[in-house]
Amino acid sequence: MKIAVAQIRPAKGNITENVTAHKKMIDLVIARKTDAVFFPELSITGYEPTLAKVFAQDRDDKIFDDFQEMSNENNITIGVGVPTKANAGIQISMLIFQPNVPRKTYSKQQLHADEFPYFVGGDEQIILTINKEKIAPAICYESLQAGHSNKAMLLGANIYVASVAKSQNGIDKAMQHYPAVARKFSIPVLMSNCVGSCDNFQSVGKSSVWTKQGALIGQLADQQEGVLIFNTETEEIIEQAITLT
């Protein structure tokens, strides 16, 4: 299976512009016959907690219909970052589009303390089955907590994908934690980070892929938009970077 993580520079609160940028990135991985692609945390709006209530979306909003059509027509799973509306408040979510099935939502279960004023946590881990592979999505802070990956493995996951918006400090922690997860469970770990301004910090990219031995085999630059496409059978990066123009 070929699985991609995308690195994108979201325009603050500009959903229309960001959807267009996502579609361009998806077209790039479709051309390379990729089975799945995952975007950074809150990639559709940018990571902007103070604006999340204003820009929160419903899972079935028509603005996302093109993602579903791309999934249906190209047999690709697409995961994008969106603040979503829930009964208890706003959640940090990943909307997941799979071919010819209803959309799924995975919402971040473990929030950072800074997020408590703006968001409520999700309450269920999902596992995505793609070509017999079982993928556990994780969103930023929770992906650095050992309990999250432990639970995902108990649910049968054999690939771990972290969708994040991280500063340099967060990336430094990630570079220690994710390879340890890969080695502990003998699974590949992929991280999709954004670049540019996020809330009160700068996100520094460096989206990465680790093999099940914990070896870092692909990493984008700190300001570069592009993708890493990972072949799970050969454990090779088949596209190091694709820069949007």
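Quick note: structure is the one above.
Keep in mind the model is a prediction, meaning the values are calculated, not measured.

Visitor: In this structure, what is going on with empty space enclosed by the protein? I would like to understand it.
Guide: The gaps left among the atoms become clear once a water-sized probe is rolled over them. Under the definition given, this model contains one cavity of 30 Å³ or more. Taken together, Leu42, Thr45, Gly46, Glu48, Leu51, Ala52, Phe55 and Pro83 make up the full set of residues lining the largest cavity. The residue makeup of the lining of the largest cavity, split by class, is five nonpolar, two polar and one charged.

Visitor: What exactly am I supposed to notice about the layout of surface pockets here?
Guide: Taken as a whole, the largest pocket holds about 540 Å³ of empty space. Lining of the largest pocket is provided by 22 residues; of these, His112, Asp114, Cys140, Ala165 and Phe201 occupy positions nearest its centre. Residue contributions to the lining of the largest pocket peak at three residues, all from helix α5 (residues 168-185). Class assignment of the residues belonging to the lining of the largest pocket gives a composition of eight nonpolar, seven polar and seven charged. There is about 190 Å³ of room inside the second largest pocket. What lines the second largest pocket is a set of 14 residues, among which Thr84, Ala86, Gln91, Thr105 and Ser107 lie closest to the centre. Elements with a minimum of two residues in the lining of the second largest pocket: β3 (77-86), β4 (89-97) and β5 (104-107). Class assignment for the residues of the lining of the second largest pocket results in three nonpolar, six polar and five charged.

Cut-offs and rules
Residues numbered from 1 in each chain as written. Predicted model: local features only at pLDDT ≥ 70, side-chain atom pairs only at ≥ 80, totals over all residues. Heavy atoms only, no water. 1 Å grid on protein atoms, 1.4 Å probe; cavity = no way out; pocket = protein on both sides within 12 Å on 5 of 7 lines; lining within 4 Å. Points joined across faces, edges and corners; volume = space filled by probe spheres on them. Nonpolar A, V, L, I, M, F, W, Y, C, P; charged D, E, K, R; others polar. Helix = DSSP H or I, 4+ residues; strand = E, 2+ residues; numbered from the N terminus.

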